[in-house]
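Survey of secondary and tertiary structure
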Amino acid sequence: QVQVVESGGGLVQPGGSLRLSCVASGRFRSIIDMGWYRQAPGKQRELVARITGAGRPRYADSVKDRFTISRDNAKNVVYLQMNSLAPEDTAVYYCNAQTYDMSYWGEGTLITVSS
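Described in the following lines is the structure provided in the data block. (Residues numbered from 1 in each chain as written. Predicted model: local features only at pLDDT ≥ 70, side-chain atom pairs only at ≥ 80, totals over all residues. Heavy atoms only, no water.)

A closer look at the overall build of the protein
Of regular secondary structure, the protein possesses zero helices and 11 strands. Written out in order from the N terminus, the α and β elements of the protein read β-β-β-β-β-β-β-β-β-β-β. In terms of overall dimensions, the protein is globule-like: its C-alpha atoms have a radius of gyration of 13 Å, near the 13 Å expected for 115 residues. Projected onto its principal axes, the C-alpha coordinates of the protein cover approximately 45 × 25 × 20 Å. Put simply, the protein has 115 residues, and 40% of those count as buried. By sequence separation, contacts in the protein at least 24 residues apart represent 54% of the contacts at least 6 residues apart. (Helix = DSSP H or I, 4+ residues; strand = E, 2+ residues; numbered from the N terminus. Rg over C-alpha atoms; globule rule 2.2 N^0.38 Å. Buried < 20%, exposed > 50% of the residue type's maximum accessible area, 1.4 Å probe, protein only. Contact = heavy atoms within 4.5 Å.)

As structure tokens, then:
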């Protein structure tokens, strides 16, 4: 059984910062990529950021220069540091862990950006 668990969501004011964490645990082959996706109300799930095992990141244009993804391979943990948050960042954020043959998802954590 594989578990992917996110933490760190909540309510934040515009311009504020939050840090999300995600840990993958259980029995699985080596994780290749880890990433964060989000789904806002009434919209499709979209990529926020992904990072390879070698630490190479990829970001959505909407979050470049504001969000930073990082990971600890030894612990199967991925982080998302989010700065300068805006109301349009409000969404449920999902963590994804990709092995050679499987894709695992967390249940999501809600981030609300509002004054």
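That was the structure; now back to the text.
A few points about the pairing of strand 11 (residues 109-113)
Only one face of strand 11 is buried, namely the one carrying Thr109, Ile111 and Val113, since none of Leu110 and Thr112 on the opposite face is buried. Where strand 2 (residues 10-12) lies against strand 11, three bridges are found, and the strand directions are parallel. For Val12, the partnering residue across the bridge sits in strand 11 and is Val113. By the bridge criterion, three bridges tie strand 9 (residues 91-98) to strand 11 in an arrangement that is antiparallel. Bridge pairing in strand 11 links Val92 to Leu110. (Pairing = 2+ DSSP bridges.)

Section: the packing of aromatic side chains
Working definition: an aromatic ring pair is given by the centre-to-centre distance plus the angle between the planes. Throughout the structure, instances matching the rule amount to one aromatic pair. Here the guanidinium or amino end of Arg19 rests over the ring plane of Tyr79, the centre of that ring lying 4.0 Å away. Cation over ring: Arg45 sits above Trp105, and NZ or CZ is 4.8 Å from the ring centre. (Phe/Tyr/Trp six-rings, centres within 6.5 Å; stacked < 30°, edge-to-face > 60°. Lys NZ or Arg CZ within 6 Å of the ring centre and 35° of its normal.)

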